[in-house]
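Understanding the architecture of this molecule
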Amino acid sequence: MAGARAAAAASSAGSSASSGNPPPQEPGLGELLEEFSRTQYRAKECSGTGGSKVERIEKRCLELFGRDYCFSVIPNINGDICGHYPRHIVFLEYESSEKEKDTFESTVQVSKLQDLIHRSKMARCRGRFVCPVILFKGKHICRSATLAGWGELYGRSGYNYFFSGGADDAWADVEDVTEEDCAVRSGDTHLFDKVRGYDIKLLRYLSVKYICDLMVENKKVKFGMNVTSSEKVDKAQRYADFTLLSIPYPGCEFFKEYKDRDYMAEGLIFNWKQDYVDAPLSIPDFLTHSLNIDWSQYQSWDLVQQTQNYLKLLLSLVNSDDDSGLLVHCISGWDRTPLFISLLRLSLWADGLIHTSLKPAEILYLTVAYDWFLFGHMLVDRLSKGEEIFFFCFNFLKHITSEEFSALKTQRRKSLPARDAGFTLEDICMLRRKDRGSTTSLGSDFSLVMESSPGTAGTGPSRSADSGSLEEEPLILSTECPLEPATTLRGPLAFPPGAGGSQVFQLLILKPF
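Residues numbered from 1 in each chain as written. Predicted model: local features only at pLDDT ≥ 70, side-chain atom pairs only at ≥ 80, totals over all residues. Heavy atoms only, no water.

Tracing the backbone through its elements, the reader meets Phe 391 in helix H15 (residues 389–395). Considering only alpha carbons, one finds Phe 391 and Tyr 263, 128 residues apart in sequence, at a separation of 9.0 Å. (Helix = DSSP H or I, 4+ residues; strand = E, 2+ residues; numbered from the N terminus.)

Structure below.
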């Protein structure tokens, strides 16, 4: 039944070509990024020419999920559940192999899940409810926004008017007004019990135990109102049965400094002494013993160290022996949240543990399209402000090629099972620096190059057998470009060919948007 639902969902995402006409070409990364850089995705606005492009992207995502998973689709056609979540929300039930089905078949009823989603969506900022996006060992890795404060609960329309566009981390600190004060004033002391009660039921239904909060503040306050809150400061301790991890991580505006430093994350340290930063790092001791990280030094870490250590923590949580799922969220859930969801997806893929049939170009397409674009990341706004957290995500991959980031119990990334070309994470992630200028980023220049030649001579970074270190070999690039011809090469994100050697994908910094 699940397989039939997946097939039906893929069919409903876009109509088939009419009889006698050739089927449309599969959308490529270039088309995806062109659309992504043009406008923010909104479910209710997918119509006309732009809508047809988005429909192709949506259908492609369903097809890629369907390669390895049986899934159901939760319809959000007109943004009825959430205006900036996918129109076709994928609920992964189990991997499509019979062995995986027997071991990890889902106990979740989709109809009940939909009901809980509808009832709980008001509990979180902008209606961005707890949504499962990755399935690993039968565990759901979920994403969401943080908890809504009373200011949003009692005036969502006004809230959307004031905060519909711009950075979600740039609000000023003002005098605090408690949730309880507002509830009393409004004559409904049970509102938070009700809406957060449904949120908790949804979390429990998805078997989520760990909640990782990336906010650097306890609450967001604007005009004297708590427009957002978080589980860690819920005064009624409604979330006490969950394992809460406060892992503060800089918001998108910090990545303007990253861009201004010529995209050098090494040595870039967040200023933890700013007035609005009031959420300390807090991780239960029993979760940190095996990681060999001195968490007391987190305020001295640069952006690379901080991202590495947080990713290690998240990987250890999803790879634990229990059956518990994980929720990752920041404030609105469309900047820092997709950063770590994307890194988790790519890292687990590199271990051959999820999306095992997808090639490097396909997993890259899926994470850009689904984790970033379809979940509402405002790339246009972020690029205009130089807040290049999206670029950082893929630039950062070169820092997680070693075995310490593996979820496997044995060595991993030198070869991957079930992959014809034998790609490794080094193949997808090595951002080579060549003639990089201060404008080298997706915000200034971008193009996509694909080489498809049986006689490809290009090679990419390899791992030294003796030291485990990465060594770069010369990379021969194709002059063929499916977008616009380019004359200057700066900073490719390399996808070298594997043993079969038929394709080379390069994420290039070539032409302005």
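So, about the nonpolar core. Residues Tyr 310, Leu 326 and Tyr 370 are the most contacted members of the largest nonpolar core, which totals 121 residues. Setting aside chain neighbours within four positions, we find Tyr 370 in contact with Cys 61, Phe 65, Pro 86, His 88, Ile 89, Val 90, Val 133, Arg 345 and Phe 375. (Core = buried A, V, L, I, M, F, W, Y, C linked by side-chain atoms within 4.5 Å. Buried < 20%, exposed > 50% of the residue type's maximum accessible area, 1.4 Å probe, protein only. Contact = heavy atoms within 4.5 Å.)

So, about the packing of helix H5 (residues 110–120) against helix H9 (residues 191–205). Packed helix pairs are characterised by how far apart their axes lie and by the angle those axes make with each other. Between H5 and H9, whose axes approach to 8 Å, the crossing angle comes to 150°. With respect to H9, the element H5 is oriented roughly antiparallel. Seen from above, H5 lies across H9 with left-handed handedness. Here Lys 112, Leu 113, Leu 116, Ile 117, Arg 119 and Ser 120 of H5 come into contact with H9, specifically with Tyr 198, Asp 199, Lys 201, Leu 202 and Tyr 205. Tallied by class, residues from the contact of H5 with H9 come to six nonpolar, one polar and four charged. (Axes fitted to C-alpha atoms, helices over the stretch in contact; angles between N-to-C directions. Parallel < 35°, antiparallel > 145°, perpendicular 65-115°, else oblique. Left-handed = near helix turned anticlockwise from the far one by under 90°. Nonpolar A, V, L, I, M, F, W, Y, C, P; charged D, E, K, R; others polar.)

Right, let's get into the sheet that holds strand E4 (residues 139–144). The sheet built from five strands is open, its strands ordered E3-E4-E9-E5-E8 with mixed pairing. Two strands lie at the open edges of the sheet, namely strand E3 (131–136) and strand E8 (243–246), each paired on one side alone. The mean angle between the axes of side-by-side strands here comes to 20°, regardless of whether they run parallel or antiparallel. As judged from the four bridges shared by strand E5 (residues 208–213) and E8, these two strands associate in the parallel manner. Residue pairing in the sheet places Asp 213 in a bridge with Ser 246 of E8. (Pairing = 2+ DSSP bridges.)

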